[in-house]
Amino acid sequence: MSNHRYHQGGNYMHPRISSYPHHFSYVSSCVKYMIFLLNFLFWLFGGLLLAIGVYAFMDKLKDGNGWLRLDTVYDVIFNISLVMIIAGVIVFTVSFAGCLGALRENTWLLKLYSMCLLLFFILEMSLAIICFVFPQYMNSFLEYQFTDKIIHSYREDSDLQNFIDFAQQEFKCCGLSNAGYQDWSKNEYFNCSSPSVEKCGVPYSCCINATDISSGLVNIMCGYGVQEHSVAAASKRIWTSGCIEIVRVWVERNLYVIAGVALGIALLQLFVIYLAKTLEGQIDLQKSRWS
């Protein structure tokens, strides 16, 4: 008996089309809503990051009497609130494209979303390879490009100042380069020729015991005058090594953990790209069925 089916009147019906129920869809609800849920969470995170960045930026603008210096790319990089805004906009936009593309089954948005993720993945892998293959070059690059600019900007940007203080306290370091605590001589407030009371000093975050145990108060004067001392004498009061070298040693000690986290993030990105391309293919197949 022939497998071909005919309507009344002798009209031919293709066996492939007739074998599926009318409500059949090639689009997997599991894949569709998994992409939507993942991107919805990142969309919320991007919105939060953007909101915090805008709030901090406006607050800083108010403190600066409506003026903010953005002359070079370094002014943007070292402006933490502006970096948060840029990162928030990117995360918000890309995750929104993923959410809407999955929910509305829009292949153009899904293509844009998967291409953005692939671009991020390539940039991350490139940076990781450079850091792993040329660690000394990265050390030198960071010292040469950022030391002077970060030290100079310490008192000009409160967000950057708080970040530097946090990093110096967490990693028990002072300054950035191999010169260590002597880097602070490049700052106009801590330079020994400065008329400031802080001359020849370093920030309190360099101090080994900045907080008084009995009162719990921070002694912001604990680093005054230490640039006049030798490394041996200064090391009794402050951390003397530069942060870049300390961070490099910390990364080497925790290399397996960092590599595991990086690998997990990379695999997650590849998995989401795979889901997006799978959904895109399913949508195209469904469209071809309709046509």
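A brief structural summary. Keep in mind that what you see is a predicted model, and the values were worked out from it rather than measured.

Quick notes on the rules
- Residues numbered from 1 in each chain as written.
- Predicted model: local features only at pLDDT ≥ 70, side-chain atom pairs only at ≥ 80, totals over all residues.
- Heavy atoms only, no water.
- Helix = DSSP H or I, 4+ residues; strand = E, 2+ residues; numbered from the N terminus.
- Buried < 20%, exposed > 50% of the residue type's maximum accessible area, 1.4 Å probe, protein only.
- Contact = heavy atoms within 4.5 Å.
- Areas by Shrake-Rupley, 256 points an atom, 1.4 Å probe, with all protein chains shown as cover.
- Expected span 1.5 Å × (residues − 1).
- Axes fitted to C-alpha atoms, helices over the stretch in contact; angles between N-to-C directions.
- Parallel < 35°, antiparallel > 145°, perpendicular 65-115°, else oblique.
- Left-handed = near helix turned anticlockwise from the far one by under 90°.
- Nonpolar A, V, L, I, M, F, W, Y, C, P; charged D, E, K, R; others polar.
- Disulfide = S-S within 2.5 Å.
- Core = buried A, V, L, I, M, F, W, Y, C linked by side-chain atoms within 4.5 Å.
- Patch = residues over 30% accessible without salt bridge, like charges linked within 9 Å, V, L, I, M, F, W, Y side chains within 5 Å.
- Salt bridge = Lys/Arg side-chain N within 4 Å of Asp/Glu carboxyl O.

## Re the overall build of the protein chain
Move 1: Counting its secondary structure elements, the protein chain contains ten helices and two strands.
Move 2: Secondary structure elements of the protein chain, listed N to C terminal, follow the sequence β-β-α-α-α-α-α-α-α-α-α-α.
Move 3: Each of the 291 residues in the protein chain was classed as buried or not, and the buried ones make up 33%.
Move 4: A sequence separation of at least 24 residues applies to 67% of the contacts in the protein chain between residues at least 6 apart.
Move 5: Carbon together with sulfur atoms contributes 66% to the accessible area of the protein chain, which is approximately 18,400 Å² in total.

## A word on helix H2 (residues 29-63)
Move 1: With 35 residues, H2 extends 51 Å between its outermost C-alpha atoms, agreeing within 8% with the 51 Å of an ideal straight helix rising 1.5 Å per residue.
Move 2: Taken residue by residue, H2 has Val 31, Lys 32, Ile 35, Asn 39, Gly 46, Leu 49, Gly 53, Phe 57 and Lys 60 as its buried positions.
Move 3: The secondary structure elements touched by the buried residues of H2 are helix H4 (80-103), helix H5 (107-133), helix H7 (158-171) and helix H10 (255-290).

## Observations regarding the packing of H5 against H10
Move 1: Packing of H5 against H10 leaves a shortest axis separation of 10 Å and a crossing angle of 160 degrees. The angle between H5 and H10 places the two elements in the roughly antiparallel class. H5 and H10 meet at a crossing whose hand is left-handed. Packed against H5, whose contacting residues are Thr 107, Leu 110, Lys 111, Tyr 113, Ser 114, Leu 117, Leu 118, Phe 120, Phe 121, Glu 124 and Met 125, the element H10 presents Ala 266, Gln 269, Leu 270, Val 272, Ile 273, Ala 276, Lys 277, Leu 279, Glu 280, Ile 283, Asp 284 and Lys 287 at the interface.
Move 2: Tallied by class, residues from the contact of H5 with H10 come to 14 nonpolar, three polar and six charged.

## Points about the state of the cysteines
Move 1: All chains considered together, the criterion is met by four disulfides.
Move 2: The disulfide partner of Cys 173 is Cys 243, and the gap between their sulfur atoms is 1.9 Å. Its S-S torsion of approximately 85 degrees makes the covalent link between Cys 173 and Cys 243 right-handed. You can see Cys 173 sitting in the loop between H7 and helix H8 (231-234) and its partner Cys 243 sitting in helix H9 (residues 243-253), a full 70 residues away along the chain.
Move 3: Given a relative accessible area of 0%, Cys 173 falls into the buried group.
Move 4: Relative accessible area serves as the criterion here: at 10%, Cys 243 is assigned to the buried category.
Move 5: With its disulfide-bonded cysteines labelled consecutively along the sequence, the protein chain is connected as 1-8, 2-5, 3-4, 6-7.

## Describing the nonpolar core
Move 1: Counting 21 residues, the largest nonpolar core has Trp 184, Val 202 and Ile 238 as its most contacted members.
Move 2: With three residues, helix H6 (residues 135-152) is the single largest residue contributor to this core.
Move 3: Formed by eight residues, the second largest nonpolar core is a distinct cluster that contains Ile 35, Ala 102, Leu 275 and Leu 279.

## Focus on a nonpolar patch on the surface
Move 1: Residues Met 125, Ile 129, Ile 130, Phe 132, Val 133, Phe 134, Tyr 137, Phe 141 and Leu 255 make up a contiguous nonpolar surface patch of about 890 Å² in total accessible area.
Move 2: By the secondary structure assignment, Phe 134 is in the loop between H5 and H6.
Move 3: Note on Phe 134: relative accessible area 47%, which makes it partly exposed.

## Quick notes on unusual backbone geometry
Move 1: For Glu 105, which is not a glycine, the phi torsion comes out positive at approximately 55 degrees.
Move 2: Looking at where Glu 105 falls in the secondary structure, it is placed in the loop between H4 and H5.
Move 3: Of note, Cys 200 is a non-glycine position whose phi angle comes to about 65 degrees, a positive value.
Move 4: Tracing the backbone shows Cys 200 in the loop between H7 and H8.
Move 5: When its relative accessible area of 4% is taken as the criterion, Cys 200 is described as buried.

## Side note on the environment of Leu 49
Move 1: Checked against the element boundaries, Leu 49 lands in helix H2.
Move 2: Judged by its relative accessible area of 17%, Leu 49 falls in the buried class.
Move 3: Between the alpha carbons of Leu 49 and Ser 81 there is a distance of 9.5 Å; along the sequence they are 32 residues apart.
Move 4: In this structure, Leu 49 is in contact with Met 84, Ala 87 and Gly 88, ignoring residues within four places of it in sequence.

## Overview of the environment of Tyr 33
Move 1: With respect to the helices and strands, Tyr 33 occurs in helix H2.
Move 2: You can call Tyr 33 partly exposed: its relative accessible area is 44%.
Move 3: The spatial distance from the C-alpha of Tyr 33 to the C-alpha of Cys 99 is 8.9 Å, given a sequence separation of 66 residues.

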